[in-house]
Amino acid sequence: MTRFSLRARLTLLLALAALIALGIAAKVVDWRVDSEMQQRFDASLLARAQAFASLVRSGDSGIEIDAVADRSARFPGGALTDWYVVTCGGQVIAQSNPVPPQITSGTAPRFADARLPNARELREVALRFQPVVDEDDGAHSAGSRATTSACELRYALDRDPIDDILNTLDWILLGSILGACALVLILTPWLVRRGLRPLEVLDRAMAGIGPDAPGGRLPASETPELVPLVTRFNEVLGRMDDGLARERQFASGLAHEFRTRLAELRTLVDVETRYPSGNDLRTVLGEVGNIGTELEATVTALLQLTRIESGLEQSHFEDTALEPLLARAVARHQGTAQAHGVRVESEFGRDPALAIKADPTLLEIVLDNLLGNAVAYAPAGSTVTLRTRQSSIDVSNAAPELQPDDLANFGQRFWRKDAQGAGHAGLGLALAGAAARAMGMRLDFALRDGVVRAMLVWKAN
């Protein structure tokens, strides 16, 4: 795959942009200079033609030109740099040799480029004028002036001087463009390196970031263009750190629970092998199956908790009726409650048809774990109470062993109160809390008079 560095790309683009910009600017300047010089030259040409026309006089002897024999009297220098032809009433009064090419005159002076037979380039003007009446001729009255025939003058000057100036300006502009482009090509790589220096700082900072250095972040950048990039990259690093932390937590928790359960399984097998209890095979296999069931429940709960906390378990809100959901949760735990000698009571409040905006799956996870935790930890002969209110669901049970300080540990993974939690991984409240947060709800705990109360609270409509 062909590699093209960012520095080379920027250099090429900047040089191309400079070449285009300078080329357009030079074209505009050249056009304006040509136009201005042409206007000035035409103004000078018209002035000379009008001066020449003022030499044409009308008298009794006809129309003639003063000082035709002495051209230096009209234009000092005497060099043949102008060409002309004067016609009055269809008669040529004066002309140079050679005669400038024919162009049509009009009411206003008309300019045109022309060329002599010897290929000399000319700038020509054609104009019409009335010859000046000779004031010394007393017979020439105002009435006779009106009948004087109009004359036409075609006057041309050599274009070489102005063409030389314009060519010189063109070469100056071209040289300036090439020089500026060469300067841009020389300076741009250095300027690009200085401009990209903040990226080198980020590159050095990235070299020290990795799985072995959690918490590493890119330093804040003072370059406005890099601020959003640094912010997004640090957000990605934060999510990666959270993901790695969840994976490590998942792995460590799973290893701890597996080690405990496998130790129980190995102890059971060793004891039955060395010191047979006399129990039948069905009983022993039942104990092994219970250990396997607990392991499966632990893995399922851990996977579910990890998916919710990582955002893989998306919330899908809909109107959810609470009474059927609570009834199913109570029915699922009724057998366990009877086995532990615990009674479950349900109070659905004033509105049995109460429905809230929630994710039914996540809400069921919360209720199932709160109720299962209460049934598992409630003393035999006690009652687990499930109540619904307008903006909360309460699950309460007797907990004589709990202290107020223990509430701070609620929701922590694998935390259990003494031996009473035997057979439970301590993931229920953590899973319930994660599911509640995913739905934008709050899970609170309170302990009063030996009764612990778990409250799932949401915003009332």
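The rules behind these values
Counting of residues starts from 1 at the beginning of each chain's written sequence and follows it residue by residue. In keeping with the predicted nature of the model, local features appear solely for residues at pLDDT of at least 70, side-chain atom pairs appear and are counted solely at 80 or more, and the whole-chain, interface and lining totals rest on all residues. Note: side-chain values were computed over all heavy atoms of the structure, leaving out hydrogens and water. The definition used for a disulfide is geometric: two cysteine sulfur atoms within 2.5 Å. Helix and strand definitions follow DSSP, with helices as H or I runs of at least four residues and strands as E runs of at least two, each counted in order from the N terminus. Each Phe, Tyr or Trp ring (for Trp, its six-membered ring) is paired with any other whose centre lies within 6.5 Å, and the angle between the two planes then decides the class: stacked below 30 degrees, edge-to-face above 60, tilted in between. Type-normalised accessible area, obtained with a 1.4 Å probe on protein chains alone, sets the label of each residue: buried when under 20%, exposed when over 50%, and partly exposed for intermediate values. At least two DSSP bridges between two strands are needed for those strands to be called paired. Should a side-chain nitrogen of Lys or Arg be within 4 Å of a carboxyl oxygen of Asp or Glu, the pair is scored as a salt bridge.

Asker: For the state of the cysteines, give the residues involved together with the corresponding values.
Answerer: Inspection of every chain in the model, using the stated rule, returns one disulfide. What pairs with Cys88 in a disulfide is Cys151, and their sulfur atoms sit 1.8 Å apart. Sign of the S-S torsion, about 115° for the bond between Cys88 and Cys151, identifies this disulfide as right-handed. Taken together, the residues Cys88 in strand S3 (residues 82–88) and Cys151 in strand S8 (residues 151–158) connect sequence positions 63 residues apart.

Asker: Break down the packing of aromatic side chains for me, citing the residues and quoting the values.
Answerer: Under the definition given, this model contains two aromatic pairs. Aromatic side chains Phe52 and Tyr84 sit 4.5 Å apart centroid to centroid with 45° between the ring planes, which places their arrangement in the tilted category. Taken together, the residues span a long stretch of sequence, with Phe52 in helix H1 (residues 6–53) and Tyr84 in strand S3 at a distance of 32 residues. In this structure Phe52 comes out as buried when scored by relative accessible area, which is 1%. Residue classification places Tyr84 among the buried residues on the basis of a relative accessible area of 7%. Pairing Phe52 with Tyr155 gives two aromatic rings, centres 5.8 Å apart and planes at 45°, and the pair type is tilted.

Asker: Could you give an account of the pairing of S8, naming the residues involved and the relevant values?
Answerer: Of all eight residues in S8, eight are buried, a share of seventy percent or more. Residues of S8 alternate between two faces, with Cys151, Leu153, Tyr155 and Leu157 on one and Glu152, Arg154, Ala156 and Asp158 on the opposite face, all of them buried. Note that S3 and S8 share seven bridges and pair antiparallel. Within S8, the residue paired with Asp82 across the bridge is Leu157.

Asker: Talk me through the pattern of salt bridges; I want residue IDs and the actual numbers.
Answerer: Tallied over the full model, the rule gives 17 salt bridges. With a shortest N-O distance of 3.5 Å, Arg154 and Glu124 are connected by a salt bridge. You can see Arg154 sitting in strand S8 and its partner Glu124 sitting in strand S6 (residues 121–129), a full 30 residues away along the chain. By the burial criterion, Arg154 is buried, and Glu124 matches it. Of the charged contacts, one joins Glu364 and Arg332 as a salt bridge, the two residues approaching to 2.9 Å between their closest N and O atoms. Separated by 32 residues along the polypeptide, Glu364 in helix H9 (residues 360–377) and Arg332 in helix H8 (residues 322–340) bring together distant segments of the chain. A relative accessible area of 25% places Glu364 in the partly exposed class. For Arg332, a relative accessible area of 39% corresponds to the partly exposed category.

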